[in-house]
Amino acid sequence: MKHWRIDDVRWDQFDPQRLDPSLVAIVKAAAMVERNGTDYGTYLNRVFHDDPAFQAAAENWAVEEVQHGDALGRWAMLADPSWNYQEAFARYQKGYHLPLLGKESSVRGSRTGELIARCIVESGTSSYYSALADATEEPVLKDICRLIAADEFRHFKLFYDHMKRYLEREKIGVLRRLAIALGRVGESEDDELAYAYYCGNAAPGAPYDHASCIAGYMSRAMGAYRYRHLERGIGMILKSIGLPPRGRLSAAVVNLAWRFMQHRRRRFMRLAPV
Ligand SMILES: [Fe+2]
Ligand SMILES: [Fe+2]
């Protein structure tokens, strides 16, 4: 069912001369968050307990997310031979637990809401890996990020199509959908990424500090974005809410979001100078 396999990546093209340490640090963190996809798959399985078609799709989705983690983890070990992906992920799993594990129904209040939140995440990941692919000069990372980005665009479509199906039944208003989307965007600064950044990059024995870890991650990640990446991501977010992905509204939102992102990036850079 996978669209590509780890062995399809041209690992022998790896070029250590073209590494950017800033990107290595965020790839290590992203590898762990992706690898944790299985836990999210378990949660989705419970929330959609009587929808076998969606359950099957979500199971396949989780397999692809895990592969994203494994590919990024393998690359990070090439980039930094002193780093061990499996050990770092074991630390992450021990110290971070998805706040929704064990829940029987969606933390978003409805299945439509759950699927909108998934669309927001896939809008973020598809634009993020497109940005990383464009930002890196290292050919293997470029290759991996392009493959992952293509999966994330497909994931968006998967969740979007199921969301439309549930929306017809649950009829959630546009303001509620907007609130769910904004809520999920805000969660990107929670522990999920920050703790992964810590497990991937902190010196052994160093204490975990949320503020400096999220700043370390975000300042680097935001630095990879160009306007066009944000433009595409925002268009997808608007589409998930039921608003036009292109046009004057979209252009105004992208403009605002870009300025906000640069403002946040400067703030994060002050907290965690590169
Ligand atoms: Fe992914
Ligand atoms: Fe995805």
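Residues numbered from 1 in each chain as written. Chains lettered and ligands numbered in written order. Predicted model: local features only at pLDDT ≥ 70, side-chain atom pairs only at ≥ 80, totals over all residues. Heavy atoms only, no water.

## Topic: the overall build of the protein chain
Within the protein chain one finds 11 helices and 0 strands. What you see for the protein chain is a C-alpha radius of gyration of 18 Å, in line with the 19 Å of a compact globule of 274 residues. Counting only C-alpha atoms, the protein chain reaches 55 × 40 × 35 Å along its principal axes. Long-range pairs, those at least 24 residues apart, make up 82% of the contacts in the protein chain with a sequence separation of at least 6. (Helix = DSSP H or I, 4+ residues; strand = E, 2+ residues; numbered from the N terminus. Rg over C-alpha atoms; globule rule 2.2 N^0.38 Å. Contact = heavy atoms within 4.5 Å.)

## Points about the coordination of the iron ion (ligand 2)
For a metal bound by four donors in tetrahedral geometry, the ideal donor-metal-donor angle is 109.5 degrees, whereas six donors in octahedral geometry ideally sit at 90 or 180 degrees. At 1.9 to 2.7 Å from the iron ion (ligand 2) lie its protein donor atoms, namely Glu65 (OE), Glu122 (OE), Glu122 (OE), Glu152 (OE) and His155 (ND1). Of note, the donors binding the iron ion (ligand 2) are all from one chain and are spaced E-x56-E-x29-E-x2-H. The two metals, the iron ion (ligand 2) and the iron ion (ligand 1), are separated by 3.7 Å and share Glu65 as a common coordinating residue. On the criterion of sequence distance, the pair formed by Glu65 in helix α3 (residues 52-79) and Glu122 in helix α5 (residues 111-135) is long-range, its members being 57 residues apart. Residue Glu65 is classed as buried on the basis of its relative accessible area, which comes to 6%. (Donors = N, O, S within 2.8 Å, 3.2 Å for Na, K, Ca; no water. Buried < 20%, exposed > 50% of the residue type's maximum accessible area, 1.4 Å probe, protein only.)

## Observations regarding the coordination of the iron ion (ligand 1)
Protein coordination of the iron ion (ligand 1) is provided by Glu34 (OE), Glu34 (OE), Glu65 (OE), His68 (ND1) and Glu152 (OE), with donor distances spanning 1.9 to 2.6 Å. Expressed as a motif, the donor residue spacing for the iron ion (ligand 1) is E-x30-E-x2-H-x83-E.

## A short note on the packing of helix α8 (residues 191-201) against helix α9 (residues 210-224)
Viewed as axis vectors pointing N to C, α8 and α9 meet at an angle of 90 degrees, and their least axial separation amounts to 8 Å. Overall, the two elements α8 and α9 adopt an arrangement that is roughly perpendicular. From α8, Asp191, Leu193, Ala194, Tyr197 and Tyr198 reach across to α9, where they touch His210, Cys213, Ile214, Gly216, Tyr217, Met218 and Arg220. Of the residues belonging to the contact of α8 with α9, the class tally is 8 nonpolar, 2 polar and 2 charged. (Axes fitted to C-alpha atoms, helices over the stretch in contact; angles between N-to-C directions. Parallel < 35°, antiparallel > 145°, perpendicular 65-115°, else oblique. Nonpolar A, V, L, I, M, F, W, Y, C, P; charged D, E, K, R; others polar.)

## Some details on the pattern of salt bridges
For the structure on display, the rule yields 14 salt bridges. Across the salt bridge formed by Asp50 and Arg111, the nearest N and O atoms sit 2.9 Å from each other. Of the two residues, Asp50 is situated in the loop between α2 (37-47) and α3 and Arg111 in helix α5; the sequence distance between them amounts to 61 residues. The partner of Asp151 in a salt bridge is Arg154, with the nearest N and O atoms 2.5 Å apart. Taken as a pair, Asp151 and Arg154 lie in helix α6 (residues 139-170) at a separation of 3 residues, close to a single helical turn. (Salt bridge = Lys/Arg side-chain N within 4 Å of Asp/Glu carboxyl O.)

## Brief notes about a positive patch on the surface
On the surface, a cluster of positive charge is made up of Lys164, Arg232, Lys239 and Arg246. When you line up the elements, Arg232 lands in helix α10 (residues 227-241). (Patch = residues over 30% accessible without salt bridge, like charges linked within 9 Å, V, L, I, M, F, W, Y side chains within 5 Å. Areas by Shrake-Rupley, 256 points an atom, 1.4 Å probe, with all protein chains shown as cover. Lys, Arg positive; Asp, Glu negative; His and termini not counted. Charge placed at Lys NZ, Arg CZ, Asp CG, Glu CD.)

## Some remarks on the nonpolar core
Ranked by internal contacts, the top residues of the largest apolar core, which has 89 residues, are Leu44, Leu72, Trp75, Tyr92, Tyr129, Ile144 and Tyr217. Looking at which element gives the most residues to this core, the answer is α6, with 12 residues. Sequence-distant contacts of Tyr129, that is, excluding residues within four places in its chain, are made with Ala30, Glu34, Leu72, Cys145, Ile148, Ala149 and Glu152. (Core = buried A, V, L, I, M, F, W, Y, C linked by side-chain atoms within 4.5 Å.)

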